[in-house]
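# Structural overview
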Amino acid sequence: MNKKKLVFSGVQPTGNLHLGNYLGALKNFVSLQKEMECIYCVVDLHAITVFQDPNHLHNNVLETTASFLATGLDPNKSIIFNQSSVSGHTELAWILNCVSRIGWLNRMTQFKDKAGSDKEKASVGLYIYPNLMAADILLYKATHVPVGADQKQHLELSRDIAQKFNKDFNCKDFFPLPEPLIPKNISRVMSLRDGTKKMSKSEESDYSRINLKDNADEINKKIKKAKSDSDSIPEEKQLLENKPEALNLLTIYSELTNSSLDNVISEMAGKEYSFLKTKLTEVIINELSPVGKEIQKLLKDKSYLKNILKKGTEKANIIAEENLKNIREKIGLI
Ligand code: TRP
């Protein structure tokens, strides 16, 4: 049995990466690369399950790559590449389409949310998206997958597919069952305008999120405008139950200062939210301004970014081809 630990994760190139992606995913990616072998993929084929303007898609792949590098992913330690340039992803996805069951896909809540009320009009790709995600992971026999809480169901499906493949083709332990790594404290950073919604690339108002590319001025303005609460900061967490925007700002502050939410609340109890906002603006600028500047700098050299992806693709391909050879053999393909 393959006991080597291997991390795989993917990020869709569908627009501005933001503070939620940073705290919920990228920061974790960076710390994992210190301990384990890691593969980080810009999942362009997942992005096109919903129509993408070709020019935007092209730029977004480069921008996501720049964001990976700017937050500290190191192409000498981790494999960084874009999904569509390793054709093994689509080949294995097809094979897994034949292992996965319609009944399993019908239970996926993300498809129901994304397809909306008119499911007949959703792309077939959107429906089988979770099978492609399973292919991403299993192509490398990854053992650990850092994802947000919203991807837990997809990861469970990947485990079911791996298990069925191992059973159907009589090869116990061929695919390891991938474990989710879901960040404990901060699985969700919420919108700055509506604390009941996740901070999202696709929300219309740019004031709802802090983008990694925002400059100090923009960060300052957005935090000033963020919804909070007219009461002062309470003494206990429980009193924030119906104040999601206030809770969100305190949570972000606690996460960026590496201090527990309880500590932050007891430190700030009785103060106005304007006090928190001043401090929060300062810590966000400290942490994200260098990242934003680095992204802008990297984006000026597109051939450098493409070269990073090319080198990552070469490394990924070696692992993918070796595993695919064995997969084809297990199935009886010649
Ligand atoms: N579906 C994931 C998301 O939207 C992205 C993704 C694609 C992914 N393939 C993956 C994440 C493989 C982890 C592992 O967030």
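Being a predicted model, the structure only gives us computed values, none of them experimental.

Below, the discussion takes up the domain arrangement of the chain. For the chain, the assigned domains are domain 1 (6-187 + 302-331) and domain 2 (206-297). Facing 15 residues of domain 1, the contacting portion of domain 2 comprises 15 residues. Taking both partners together, domain 1 and domain 2 bury about 1,400 Å²; carbon and sulfur atoms supply 69% of that area. Linking domain 1 with domain 2 are two salt bridges. We note a salt bridge from Lys-213 to Glu-63, for which the minimum N-O separation is 3.3 Å. Applying the counting rule to domain 1 against domain 2 returns four residue pairs in polar contact (both at pLDDT 80 or more). At the level of elements, helix 1 (19-35) and helix 3 (54-70) are the ones that each hand at least two residues to the side of domain 1 that touches domain 2. Residue contributions to the side of domain 1 that touches domain 2 peak at five residues, all from helix 1. Looking at the side of domain 1 that touches domain 2 residue by residue, the class counts come to eight nonpolar, five polar and two charged.

A separate point is the nonpolar core. Ranked by internal contacts, the top residues of the largest apolar core, which has 57 residues, are Leu-19, Leu-250 and Ile-284. Element by element, the count of residues in this core is highest for helix 12 (residues 273-299), at ten residues. When residues of this core are assigned to domains, at least three fall in each of domain 1 (6-187 + 302-331) and domain 2 (206-297). Contact partners of Ile-284, with chain neighbours within four places excluded, come to Leu-19, Ile-210, Ile-219, Ile-223, Leu-256 and Ser-289. By size, the runner-up hydrophobic cluster in this structure holds 42 residues, among which are Phe-111, Leu-126, Val-145 and Ile-161.

Cut-offs used in this document
Residues numbered from 1 in each chain as written. Predicted model: local features only at pLDDT ≥ 70, side-chain atom pairs only at ≥ 80, totals over all residues. Heavy atoms only, no water. Domains from an automatic or database assignment. Contact = heavy atoms within 4.5 Å. Buried area = accessible area lost by both parts, 1.4 Å probe. Salt bridge = Lys/Arg side-chain N within 4 Å of Asp/Glu carboxyl O. Polar contact = N/O pair within 3.5 Å; in protein donor to acceptor, adjacent residues only side chain to side chain. Helix = DSSP H or I, 4+ residues; strand = E, 2+ residues; numbered from the N terminus. Nonpolar A, V, L, I, M, F, W, Y, C, P; charged D, E, K, R; others polar. Core = buried A, V, L, I, M, F, W, Y, C linked by side-chain atoms within 4.5 Å. Buried < 20%, exposed > 50% of the residue type's maximum accessible area, 1.4 Å probe, protein only.

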